[in-house]
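Fold and contact review
As a plain string of letters, each chain reads:
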Amino acid sequence: MTGGSIGSRTPPGSDAPPKPMSPSERLDSIDVLRGLALFGVLAMNIVTIFRVSFFAAFLPNAEPAGPLDRAVAAVLTVAVDFKALALFSLLFGVGLAIQFERLAGNARRMILLVRRLVVLLAIGLVHLYLIWNGDILVEYALAGFVVLPFLGAARWLMAGAALLLLGLYVTMLVLPPIVPLPGTAEMAALAADATRAYGTGGFFDVLAFRIREVPVIFPLHVLVFPRTVALFLVGAFAWRSGVVRRASANRRLLFVVATFGILLGGGLSLAAAGQELFDGPSLGRAHFPVEQLGAVVLALGYAAAVIAAVNLSGGRRMLGWAAPLGRMAFTNYLAQSVICGWIFYGYGLGQFGRLGVAATLTIGIFVYVAQVVFSARWLRRYRFGPVEWLWRSCMYGVPQPMRATVDVAIMRATIAV
């Protein structure tokens, strides 16, 4: 969720941090793509983790009972599941490459980037333990440390490392896990305990159970870590190649990637979800790599399609509403966790385990729309979201200017709706 901005670099040899980017210097396509991806993340998180136990999906007979719930779950599985997080990983890699480039010539470049990731790690740990243990920020911060040495490397090295890590990820999917997951009986017990703790417990009951779940979920983070690093590298490579920053000149290439990615990735995802859609054999159950590879390819297709569309005049008008949301993705991501925790946990409305997939997704849509409106209004007055401001200020070691200027051109670029 690193900011997708471009702007003036720090003068060579300067130790002063670069000035915050004005809205007019940002790359709209990155912000729009991040804002759209945020909906996918919210949709899957609220349906699969906030609504029921994290381990419910691993248990037999865990499919939604009603036809509407089954249909909604199937669509989310094919079109959204894993793809939204893959998009966020790609965008984080793009953001790291942009930050690395903007700090060119600054003697403290690596110190500032390391500090940026340390702050992200600290916020992620607070989020993980005090708010929600489905956090991705800790994993992103750790993956960022791995990617930092590659940011100044040759593009062929970045591409090669990404391919090797994707190969490692696929291999890990078919081999016994390095850190084993709990067995079916233990998962069933955890799911039952989660229903009691999250559904009826107070804040400290929820906190205690969340802390208990964190080490049990850890093996999944180990499994997906190579994919996360690989997608960071793919995102950084895409920026370094110039395809993203010069999208108008590379529109034909983007449309080819979009067509190939959506057709191939969608086909693999459909094949993996055959059971959910057609009551047929599901390749995803027996051959998990098909589903995961489909998610990566489809995410690349989505990214290319959105970036190409935003660089068309009609596409910019149609999708511009998502840009403010994407500029405040860090704030909105954390806010989603707070809001969903209040809706589903016992210290709030206590809806954990009580709602179907369709009803839960409807709640998620209302939350997302509210964030779209809030983000647009907030950015009329301020340069950053509140968490983005904190992140930048801690990175540079000085409070960053928060108030937006009254320049009309900047205001138009800020609210592209």
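Only a predicted model underlies this, so the values are computations on that prediction, with no experimental measurement involved.

Of regular secondary structure, the protein chain possesses 18 helices and 0 strands. Taking all 417 residues of the protein chain together, the buried fraction comes to 53%. For the protein chain, restricting intrachain contacts to residue pairs at least 6 apart in sequence, the fraction spanning at least 24 positions comes to 78%. A total accessible area of about 17,700 Å² is found for the protein chain, and carbon and sulfur atoms account for 70% of it.

Chain-level statistics for the protein chain give a pLDDT mean of 86 and a share of 86% at 70 or above. Scored below 50 in pLDDT, residues 2-8 makes 35 contacts in the model with residues more than four places away or belonging to other chains. For the stretch residues 406-417, pLDDT sits under 50, and the model shows 21 contacts to residues farther than four places along the chain or on other chains.

Glancing now at the nonpolar core. Ranked by internal contacts, the top residues of the largest apolar core, which has 104 residues, are L76, L120, F330, Y333, F344 and Y345. Of all the elements, helix 1 (residues 28-50) adds the most residues to this core, at 13 residues. Not counting residues up to four positions away in its chain, the partners in contact with L76 are A43, M44, V47, D81, V357 and L361.

Here we come to helix 1. Helix length check: helix 1, at 23 residues, gives a terminal C-alpha distance of 31 Å against a target of 33 Å (1.5 Å per residue), a fit within 8%. Among the 23 residues in helix 1, 20 count as buried, and that is most of the element.

Here we come to the environment of G353. Relative to the elements of secondary structure, G353 occurs in the loop between helix 15 (329-344) and helix 16 (357-378). Given the relative accessible area of 48%, G353 is considered partly exposed. A sequence separation of 159 residues divides G353 from A194, and the C-alpha atoms of the two residues are 9.2 Å apart. Sequence-distant contacts of G353, defined by excluding residues within four places in its chain, comprise R51 and V52.

This next bit is on the packing of helix 7 (residues 184-200) against helix 8 (residues 203-241). The N-to-C vectors of helix 7 and helix 8 enclose an angle of 155°; their axes lie 9 Å apart at closest approach. Between helix 7 and helix 8, the crossing angle belongs to the class labelled roughly antiparallel. As for the relative orientation of helix 7 and helix 8, their crossing is left-handed in sense. Touching L190, D193, A194, A197 and Y198 of helix 7 are D205, V206, F209, R210, R212, E213 and V216, all from helix 8.

Attention now moves to helix 6 (residues 155-174). In this model, helix 6 (20 residues) spans 29 Å end to end at C-alpha, consistent with the 28 Å of a helix rising 1.5 Å per residue. Among the residues making up helix 6, those that are buried are M158, A161, A162, Y169, M172 and L173. Taken down its axis, helix 6 places every buried residue within 115° of arc, on the same side. The exposed set on the far side of helix 6, more than 90 degrees from its buried face, consists of W156, L163, L164 and V174.

This brings us to the pattern of salt bridges. Tallied over the full model, the rule gives 5 salt bridges. D31 serves as the salt-bridge partner of R34, at 3.3 Å between the closest nitrogen and oxygen. Of this pair, R34 and D31 both sit in helix 1, separated by 3 residues, roughly a single helical turn. The exposure class of D31 is buried, given its relative accessible area of 1%. In this structure, D193 engages R212 in a salt bridge whose closest nitrogen and oxygen atoms are separated by 3.0 Å. One end of the pair, D193, is in helix 7; the other, R212, is in helix 8, and 19 residues separate them in sequence. By relative accessible area, which is 18% here, D193 ends up buried. What makes R212 partly exposed here is its relative accessible area of 41%.

Conventions used here
Residues numbered from 1 in each chain as written. Predicted model: local features only at pLDDT ≥ 70, side-chain atom pairs only at ≥ 80, totals over all residues. Heavy atoms only, no water. Helix = DSSP H or I, 4+ residues; strand = E, 2+ residues; numbered from the N terminus. Buried < 20%, exposed > 50% of the residue type's maximum accessible area, 1.4 Å probe, protein only. Contact = heavy atoms within 4.5 Å. Areas by Shrake-Rupley, 256 points an atom, 1.4 Å probe, with all protein chains shown as cover. pLDDT = per-residue confidence, 0-100. Core = buried A, V, L, I, M, F, W, Y, C linked by side-chain atoms within 4.5 Å. Expected span 1.5 Å × (residues − 1). Axes fitted to C-alpha atoms, helices over the stretch in contact; angles between N-to-C directions. Parallel < 35°, antiparallel > 145°, perpendicular 65-115°, else oblique. Left-handed = near helix turned anticlockwise from the far one by under 90°. Arc of directions from axis to C-beta. Salt bridge = Lys/Arg side-chain N within 4 Å of Asp/Glu carboxyl O.

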